[in-house]
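Okay, here's what each chain looks like letter by letter:
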Amino acid sequence: AAGTHLPRKMFVRLGGIPEPPEGYVAPLGASRNTWTNIYKNKGRIDYCVAQFGFLTNRLKCIDKLTGGPFLE
């Protein structure tokens, strides 16, 4: 999928969340909150990946932990 390089100044440090790594390409149409959501949900995603071997089960786990199809 195509992405968009967002200017570094668009990223706001919220709650100690660092800026995205150098070279980070946000998904097409992403808001400035996309990186914050990814960072906040990384632990949940890592847990689901470690606990479930099948992709469908991982997605169900992520859905239940985040409260919906979208990350917080």
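Everything discussed here concerns the structure shown above.
This text gives an overview of the structure that appears in the document.

The rules behind each value
Residues numbered from 1 in each chain as written. Predicted model: local features only at pLDDT ≥ 70, side-chain atom pairs only at ≥ 80, totals over all residues. Heavy atoms only, no water. Disulfide = S-S within 2.5 Å. Helix = DSSP H or I, 4+ residues; strand = E, 2+ residues; numbered from the N terminus. Buried < 20%, exposed > 50% of the residue type's maximum accessible area, 1.4 Å probe, protein only. Axes fitted to C-alpha atoms, helices over the stretch in contact; angles between N-to-C directions. Left-handed = near helix turned anticlockwise from the far one by under 90°. Contact = heavy atoms within 4.5 Å. Nonpolar A, V, L, I, M, F, W, Y, C, P; charged D, E, K, R; others polar.

**With respect to the state of the cysteines**
Note on terminology: a disulfide is the covalent bond linking the sulfur atoms of two cysteines.
So, point 1. The full count for this structure, using the stated rule, is one disulfide.
So, point 2. Linked covalently through their sulfurs, Cys48 and Cys61 form a disulfide whose S-S length is 2.0 Å. One disulfide, between Cys48 and Cys61, carries an S-S torsion of -70° and so falls in the left-handed class. Separated by 13 residues along the polypeptide, Cys48 in helix H1 (residues 34–51) and Cys61 in helix H2 (residues 55–66) bring together distant segments of the chain.
So, point 3. You can call Cys48 buried: its relative accessible area is 0%.

**Things to note about the packing of H1 against H2**
So, point 1. Interaxial distance between H1 and H2 falls to 9 Å at its minimum, and their mutual angle equals 145°. Read as a crossing pair, H1 and H2 show a hand that is right-handed. Note on element contacts: H2 touches H1 through Arg58, Cys61, Ile62, Leu65 and Thr66, opposite Asn41, Arg44, Ile45, Tyr47, Cys48 and Val49.
So, point 2. Here the contact of H1 with H2 is built from residues that sort into seven nonpolar, two polar and two charged.

**Quick notes on the environment of Pro21**
So, point 1. Mapping Pro21 onto the fold places it in the loop between strand S1 (3–4) and strand S2 (26–27).
So, point 2. Among the residues examined, Pro21 registers a relative accessible area of 47% and is labelled partly exposed.
So, point 3. When the C-alpha positions of Pro21 and Trp35 are compared, they lie 9.9 Å apart, and in sequence the two are 14 residues distant.

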